[in-house]
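Chain by chain, the residues:
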Amino acid sequence: MVERFNREGLAALTPRHGGGATPQYDVRQRQHIIELAQQPPELETDGVSQWSLSSLQRRLRNQKDGEFSTVSTYTIWQVLHEAQQSWQQSRSWCKTGTAVRRRKSGVVIVTDPDTEAKKN
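The structure displayed is predicted, hence computed values, not measured ones. Residue positions are given per chain, counted from 1 along the sequence in the order it is written. In keeping with the model being predicted, local features are shown solely for residues with a pLDDT of at least 70 and side-chain atom pairs are shown and tallied solely at 80 or more, while totals for entire chains, interfaces and linings include all residues. Water and hydrogen atoms play no part in the side-chain values, which are based on all heavy atoms of the structure.

K.L.:
Looking at this model, I keep getting lost on the layout of surface pockets. Mind explaining?
P.N.:
One simple way to see leftover space: roll a probe sized like a water molecule over the atoms. Here a cavity denotes grid points, spaced 1 Å and computed from the protein atoms alone, that fit a 1.4 Å probe unable to get out, and a pocket denotes an open set having protein on both sides within 12 Å along at least 5 of 7 lines; residues with an atom within 4 Å of a point are the lining. Grid points are joined across faces, edges and corners, and a volume is the space filled by probe spheres set on the points. Within this model, the largest pocket holds a volume of roughly 160 Å³. Considering the residues around the largest pocket, the lining is formed by Ala21, Thr22, Pro23, Gln24, Tyr25, Arg30, Thr75, Gln78 and Glu82. The biggest single contributor to the lining of the largest pocket is helix H5 (residues 73-82), with 3 residues. Taken together, the residues of the lining of the largest pocket sort by class into 3 nonpolar, 4 polar and 2 charged. Helix and strand assignments come from DSSP, with helices taken as H or I runs of at least 4 residues and strands as E runs of at least 2, each series counted from the N terminus. Under the scheme applied, nonpolar residues are Ala, Val, Leu, Ile, Met, Phe, Trp, Tyr, Cys and Pro; charged residues are Asp, Glu, Lys and Arg; polar residues are all the others, including Gly.

The following block contains the structure:
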């Protein structure tokens, strides 16, 4: 680090890639995964009424273009987690800090105003 600082100055303090595999899917592909998870599955074609990681994986792998032919459930989970989506007991993907609750007046979306503070 000292050598790099002497060589590059303050620019050496900017975080760089910390190692690990490079992302396999680009921004457009990641957005496609997020959008698919937010849509309800088609019972006739998907065979399920609620998404699971496996059913999302199956749908993505069976797409005609083949760009997700090797996508793993872990990759799907990672993409959704990075987009602040979390798996709820209702077995649907919801934005972190929000939950769907049933009230006497009907179904409401409850938000936690302290979500950001709790993450840090």
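Back to the text.
K.L.:
What exactly am I supposed to notice about the packing of helix H4 (residues 53-61) against H5 here?
P.N.:
One way to put it is that H4 packs onto H5 with a least axis distance of 9 Å and a crossing angle of 105°. On the basis of their axis angle, the class for H4 and H5 is roughly perpendicular. Contact residues: H4 offers Leu53, Ser54, Leu56, Gln57 and Leu60, while H5 offers Thr73, Ile76, Trp77 and Leu80. Grouping the amino acids of the contact of H4 with H5 by side-chain chemistry returns 6 nonpolar, 3 polar and no charged. Note on geometry: axes are lines fitted to C-alpha atoms, helical ones only across the stretch in contact, with angles between N-to-C directions running from 0 to 180 degrees. Just so you know how the angles are binned, under 35 degrees is roughly parallel, over 145 roughly antiparallel, 65 to 115 roughly perpendicular, and the rest oblique. Residue contacts are counted whenever heavy atoms from the two residues lie within 4.5 Å of one another.

K.L.:
Whenever I open this one, the nonpolar core confuses me. Can you help?
P.N.:
It is characteristic of soluble globular proteins that their nonpolar side chains tend to be buried jointly. Formed by 13 residues in total, the largest nonpolar core has its most connected members in Ile33, Leu56, Leu60, Phe68, Val71, Ile76 and Leu80. When residues of this core are traced back to their parent elements, those giving at least two are helix H2 (27-38), H4 and H5. By residue number, the principal contributor to this core is H2, which donates 4 residues. Apart from the residues lying within four places of it in its own chain, the contact partners of Ile33 are Leu60, Phe68, Ile76, Val79 and Leu80. By convention a nonpolar core is built from buried Ala, Val, Leu, Ile, Met, Phe, Trp, Tyr and Cys residues, the set being connected through side-chain atoms within 4.5 Å. Burial here depends on accessible area, computed with a 1.4 Å probe over protein chains only, as a share of the maximum for the residue type. Under 20% is buried, over 50% is exposed, and the range in between is partly exposed.

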